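The primary structure of each chain is shown beneath.
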Amino acid sequence: MSLSESNLFKPFEYGTLKLRNRVVMAPMTRTFSPDGVPNDLNVAYYQLRAKNEVGLIVTEGTCVGHKAANGYPNVPYIYGEEALAGWKKVVDAVHAEGGKIIPQIWHVGAIRKANTKAGPDETIPGYSPSGLVAKGKESGVAMSHDDVLETIEAFVKAAEDAQAIGFDGVEIHGAHGYLVDQFFWEETNQRDDEFGGDIAGRTKFAVDIVKGIRERCGKDFPIILRFSQWKQQNYAAKLAQTVDELKEFLTPLVDAGVDIFHCSTRRFWEPEFAGSALNLAGWTKKLSGQPSITVGSVGLNNSFIDEEKRDMVDESQVAKESLENLEKRLDNEEFDLVAVGRALIEDPEWVIKIRENRLDELKGYSKASLAKLV
Ligand SMILES: Cc1cc2nc3c(=O)[nH]c(=O)nc-3n(C[C@H](O)[C@H](O)[C@H](O)COP(=O)(O)O)c2cc1C
């Protein structure tokens, strides 16, 4: 057997989401959208991956319509006529190639710093659950109750607009220490209203976003939630220390209407809890009963983050053993979908090479390839 004959190339169907294979392009911020507007380069970039058989594209993080959602220059927005018209061109181009595409909707919370060229108004500080970017580390503004409701509405509106321009669903960015994750994580959520407290309180922000999207976009509109144990503020952090805590975290989100969990790990082959080989996506599927997406160094030998330098890794080599490990886990139906990040930046033809078992032609990854989109 090889990966080319594995479940990776079986179609996937869940509700209205029908994919030609199980390869997902991972969301990757590229900062090539001046003024927050996706342009022809963005269209060509995504179209090329769809043409080369990626099953589902999750776009780079795209900012919802709240004044403090953005954290970086040249990130695309998902509000306003111009940005939505830009995204519509991307959607239509991907569909024309037989692909499916979902935007990752994003608010950076306390990661935003005023006066760092993150538009639309760079004087605005970060907004977060308790004005904390990490344990005891103050940054920006603690959100009032009204700020919280306004931000939930911004996420729901983003999903509604995404649906209106033809996106195939929506992914909520609830990972990596950004706003939604800042609500999940006790160290950054010290609120004493209904959006804080125990794990049920800390998931309420995401739960209300999901419920709002369900209500306004209908029961058939696919909702993916991306979450991570690790945070960019603390790579060793764990949202759930135990299997039981993971179940407690997932249950309200499932009840609210999450369809698919995107479980962000840096190395998919690492077991999540002692005593079992299952990774985070494996446990999440088992505990939630919902499909899950795995991610992290698929086909590569190291994580996308250099934890010592606290920056993006410079180089990664092709690792066939990572592909063999993936094949076994797919065989066991540990998870349903497989997200691939850097390998798809480096090599738009990655899926076809895997399908045709041309493993010697795979390319690895170099940070230099971030310098251009196409
Ligand atoms: C350049 C770059 C930008 C990224 N931007 C995002 C992002 O916007 N949203 C997100 O959830 N993850 C982001 N990630 C993480 C990826 O989605 C993915 O989880 C990670 O790269 C691991 O997959 P890989 O090892 O296949 O690259 C980014 C990663 C890279 C390399």
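Above this text you will find the structure in question.
Attention in this report is confined to the structure presented alongside it. The model shown is predicted, which means the values in this text are computed figures rather than measured ones.

**Some details on the overall build of the protein**
- What the protein contains, in helices and strands, is 10 helices and 18 strands.
- Its C-alpha atoms give the protein principal-axis dimensions of about 55 × 50 × 45 Å.
- In the protein, which comprises 374 residues, the share counted as buried stands at 50%.
- If you take every contact in the protein between residues at least 6 apart in sequence, the share linking residues at least 24 apart comes to 72%.

**Here's the deal with the sheet that holds strand S11 (residues 223-231)**
- Here we have 8 strands rolled up into a closed barrel, ordered S3-S4-S5-S10-S11-S12-S13-S17, and parallel in their pairing. Here the strands of the sheet are splayed against their neighbours by 25° on average, with no regard to which way each runs.
- The strands that helix H3 (residues 145-164) touches are strand S5 (100-106) and strand S10 (170-176); relative to S5, the one it contacts most, it runs at about 160°.

**Topic: the environment of isoleucine 354**
- Examined against the element boundaries, isoleucine 354 turns out to sit in helix H10 (residues 350-355).
- For the pair isoleucine 354 and leucine 3, spaced 351 residues apart in sequence, the C-alpha separation works out to 6.9 Å.
- Not counting the four nearest positions on each side in its chain, isoleucine 354 is found in contact with Leu3 and Ser4.

**A short note on the nonpolar core**
- Among the nonpolar cores identified, the biggest contains 109 residues, and Val24, Val64, Ile78, Phe155, Ala206 and Val340 are the most heavily contacted of them.
- Broken down by element, this core gets its largest block of residues, 8 residues, from H3.
- Here isoleucine 78 is in contact with Thr62, Cys63, Val64, Ala83, Trp87, Pro103, Ile105, Ala158, Asp161 and Ala162, once residues within four sequence places are set aside.

**Description of the site of the ligand**
- Near the ligand, the surroundings consist of 24 residues, among which Ala26, Thr29, Gly61, Gly341 and Arg342 are the closest.
- Examining the composition of the shell around the ligand, we find that 3 residues originate from one element, S10, more than from any other.
- For the shell around the ligand, the class distribution of residues is 12 nonpolar, 9 polar and 3 charged.

Calculation criteria
- Residues numbered from 1 in each chain as written.
- Predicted model: local features only at pLDDT ≥ 70, side-chain atom pairs only at ≥ 80, totals over all residues.
- Helix = DSSP H or I, 4+ residues; strand = E, 2+ residues; numbered from the N terminus.
- Buried ≥ 20, exposed ≤ 12 C-beta atoms within 10 Å, placed from the backbone.
- Contact = placed C-beta atoms within 7 Å.
- Pairing = 2+ DSSP bridges.
- Axes fitted to C-alpha atoms, helices over the stretch in contact; angles between N-to-C directions.
- Core = buried A, V, L, I, M, F, W, Y, C linked by C-beta atoms within 7 Å.
- Near = placed C-beta within 6 Å.
- Nonpolar A, V, L, I, M, F, W, Y, C, P; charged D, E, K, R; others polar.

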